[in-house]
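Each chain is listed here by its residues.
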Amino acid sequence: MAEFKHGDVVLAFDDTGESELPPVVLLHGLSAARSTWRPLTDALAGRYRVVAIDDRGHGESSHAPGTYLLDHYAADVIALLEDRLDRPAALVGHSLGGVIAASVARKRPDLVRGVLLEDPPLFAGTRDTDEPSPILAMFGLMRQVLGDMQSRSAPLEEYEAMLRVAPAMSGKGTMAEMLGDDGVRAQARAMSGLDPGIFTTAIDNTALAGADPRVPLGCPTLVLRAEESLGAAFSAADAADFLATNPDATVTKIDGASHLIHDDQPDRFRDEVEGF
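In this text the structure is predicted, and so the values were computed from the model without any measurement.

J.: An account of the packing of aromatic side chains is requested, with residue identities and associated values reported.
T.: Applying the stated criterion across every chain yields a total of 5 aromatic pairs. Each ring, one from F4 and one from F13, has its centre 5.8 Å from the other, and the planes form 70°; the classification is edge-to-face. Residue classification places F13 among the buried positions, given a relative accessible area of 3%. The interplanar angle of 55° and the centroid separation of 6.4 Å between the aromatic rings of F123 and F234 together place this pair among those described as tilted. Taken together, the residues F123 in the loop between β6 (112-118) and α4 (134-151) and F234 in the loop between β7 (221-225) and α8 (236-245) connect sequence positions 111 residues apart. Like F234, F123 is buried.

What follows is the structure, given as structure tokens:
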């Protein structure tokens, strides 16, 4: 693990350090951590310089209550790209990480070669609907449960046990069956170390303020979208809106995949990353 300081926040990251290789920066989703990218990191090692960062409030990075907003997350990644890399990078972002990647590309195109966005909630909160969001309900539950577990210093094994019986988002089996033992341990560590306050801005719909999903990105872009029936965060309607202002982008639906495409179908996801 390496660290760098950005303002008052210390951010943890991993870097293969092979500076002559083309850089790929991995940006995780809400409640995850850089460790949850390990299978992809291992698959890309030796051919790419792979850098994975823990967002503020996540993993081994500092907790920073009151700053869990897109502008702060994006500024952290920009600082990483400026300080640690010597050439533009390809950004791969899942969910929140995808929105961060798109924001960085808009703000600092000089630092970005292209972006691969995995089921990004780019249009979250932009469409009128009376239907309650199951994802927001889940965030509320996670904030409560993880806050309670952390307050009583629950052991890591308890987080693992919770994941082992939780149903997979795809509806096929459990999280344990989808993630495997290493994946369960990585996600359990992420959940035990995060700041439960990260969910607050997601619940009150302020986390992604300023995402500007209809503003052109201006770089090579691939969006992978999940099945809407399995909880996709990027819908067919979102794809149409996005392509209207980003006509050179590619949007690919991954059949049978939930919001966790890289966990549901790791081989397909790796192929898409390498092809991009």
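Alright, that's what it looks like, and here's the rest.
J.: A description of the packing of helix α2 (residues 70-84) against helix α3 (residues 96-107) should follow, citing residues and the corresponding values.
T.: Between α2 and α3, the shortest axis-to-axis distance is 9 Å and the interhelical angle comes to 65°. Our classification of the angle between α2 and α3 gives roughly perpendicular. Of the two elements, α2 crosses α3, and the hand of that crossing is right-handed. Within the contact between the two elements, α2 uses L70, D71, Y73, A74, V77, I78 and L81 and α3 uses L96, V99, I100, S103, V104 and K107. Split by residue class, the contact of α2 with α3 holds 10 nonpolar, 1 polar and 2 charged.

J.: Help me get a handle on helix α5 (residues 156-165), residues and values and all.
T.: Those residues of α5 that fall on the buried side of the exposure criterion are Y159, E160 and L163. Along the axis of α5, the buried positions cluster into a sector of 100°, meaning they face one direction only. Across α5 from its buried face, at more than 90 degrees, point the exposed residues E157 and V165.

J.: Quick rundown of α8? Include the residues and the values.
T.: The set of residues buried in α8 consists of D238, A239 and F242. One side of α8 holds all its buried residues, which, seen down the axis, span an arc of 100°. As for α8, its buried residues are in contact with β7 and β8 (250-253). At the N-terminal end of α8, a side-chain oxygen is found 3.3 Å from the backbone nitrogen of A237, two or three residues along, and the residue is S235.

J.: So, the pairing of strand β4 (residues 49-53): which residues are in play, and what are the values?
T.: Burial within β4 is extensive, with 5 of its 5 residues counted as buried. Burial of the side chains of β4 extends over both faces: R49, V51 and I53 are buried on one face and V50 and A52 on the other. For strand β3 (residues 23-27) and β4, the ladder comprises 5 bridges, and the chain directions are parallel. Note on β4: the bridge partner recorded for P23 is R49. Regarding the hand of the β-α-β motif, the stretch spanning β3, helix α1 (residues 38-44) and β4 is right-handed.

Rules used in this analysis
- Residues numbered from 1 in each chain as written.
- Predicted model: local features only at pLDDT ≥ 70, side-chain atom pairs only at ≥ 80, totals over all residues.
- Heavy atoms only, no water.
- Phe/Tyr/Trp six-rings, centres within 6.5 Å; stacked < 30°, edge-to-face > 60°.
- Buried < 20%, exposed > 50% of the residue type's maximum accessible area, 1.4 Å probe, protein only.
- Helix = DSSP H or I, 4+ residues; strand = E, 2+ residues; numbered from the N terminus.
- Axes fitted to C-alpha atoms, helices over the stretch in contact; angles between N-to-C directions.
- Parallel < 35°, antiparallel > 145°, perpendicular 65-115°, else oblique.
- Left-handed = near helix turned anticlockwise from the far one by under 90°.
- Contact = heavy atoms within 4.5 Å.
- Nonpolar A, V, L, I, M, F, W, Y, C, P; charged D, E, K, R; others polar.
- Arc of directions from axis to C-beta.
- Polar contact = N/O pair within 3.5 Å; in protein donor to acceptor, adjacent residues only side chain to side chain.
- Pairing = 2+ DSSP bridges.
- Right-handed = clockwise from strand over helix to strand, strands pointing away.

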